[in-house]
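Examining the three-dimensional arrangement
Here is how the chains run, residue by residue.
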Amino acid sequence: MTRRARRRPARGQNARGQNARGRPAGAWLPDPVVVLRDGEWVVRPVTGAATAKVYRCPGCDHEINPGTAHLVVWPPERVEDRRHWHRPCWDRRCRAARLPSQGAG
């Protein structure tokens with residue numbers, strides 16, 4: 001009688017098909033929401049391989065060329081208002097619009 005080889009779990013998964021956080025492998029994770037002075041913003045990173053168009057960053061008014069990793073940002077309730085940002089431009093905007101710290105005073 002021949003022995004069947006056990007199937008190894010995919011990289012990053014345990015024997016139950018879960019990732020390191022205990023979620024099922026390939027499980028959908030919500031986009032992170034950033035809270036700033038001017039409201040909440042959904043922030044989604046986009047890989048360079050996933051881009052095929054030229055976008056204009058509202059932070060610096062320069063083009064984001066195809067193949068360039070960047071961020072897509074929008075208010076949670078208005079997906080149609082999404083904008084494509086360079087990561088450093090978005091980070092600069094976040095520093096300028098961050099909420100005052102709770103412990104100051």
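Values in this document were obtained by computation on a predicted structure and should not be read as measured data.

What counts, and where the lines are drawn
- Residues numbered from 1 in each chain as written.
- Predicted model: local features only at pLDDT ≥ 70, side-chain atom pairs only at ≥ 80, totals over all residues.
- Heavy atoms only, no water.
- Core = buried A, V, L, I, M, F, W, Y, C linked by side-chain atoms within 4.5 Å.
- Buried < 20%, exposed > 50% of the residue type's maximum accessible area, 1.4 Å probe, protein only.
- Helix = DSSP H or I, 4+ residues; strand = E, 2+ residues; numbered from the N terminus.
- Contact = heavy atoms within 4.5 Å.
- Polar contact = N/O pair within 3.5 Å; in protein donor to acceptor, adjacent residues only side chain to side chain.

Digging into the nonpolar core
- In terms of nonpolar packing, the biggest core is built from 12 residues, these being L36, W41, V43, C57, I64, L71, V73, W85, C89, W90, C94 and A97.
- Among the secondary structure elements, those contributing two or more residues to this core are β2 (39-46), β5 (70-74) and α1 (87-97).
- Of the residues forming this core, the biggest block, four residues, is contributed by α1.
- Apart from the residues within four sequence positions on either side, C94 is in contact with V34 and L36.

Here we look at the side chain of T51
- Tracing the chain through its elements places T51 in the loop between β2 and β3 (55-56).
- Within the structure, T51 has its side chain in polar contact with the backbone oxygen of G48 (distance 2.9 Å).
- One polar contact links the side chain of T51 to the main-chain amide nitrogen of G67, over a distance of 2.7 Å.
- Setting aside residues no more than four positions away along its own chain, T51 makes contact with V46, N65, P66, G67, T68 and H70.

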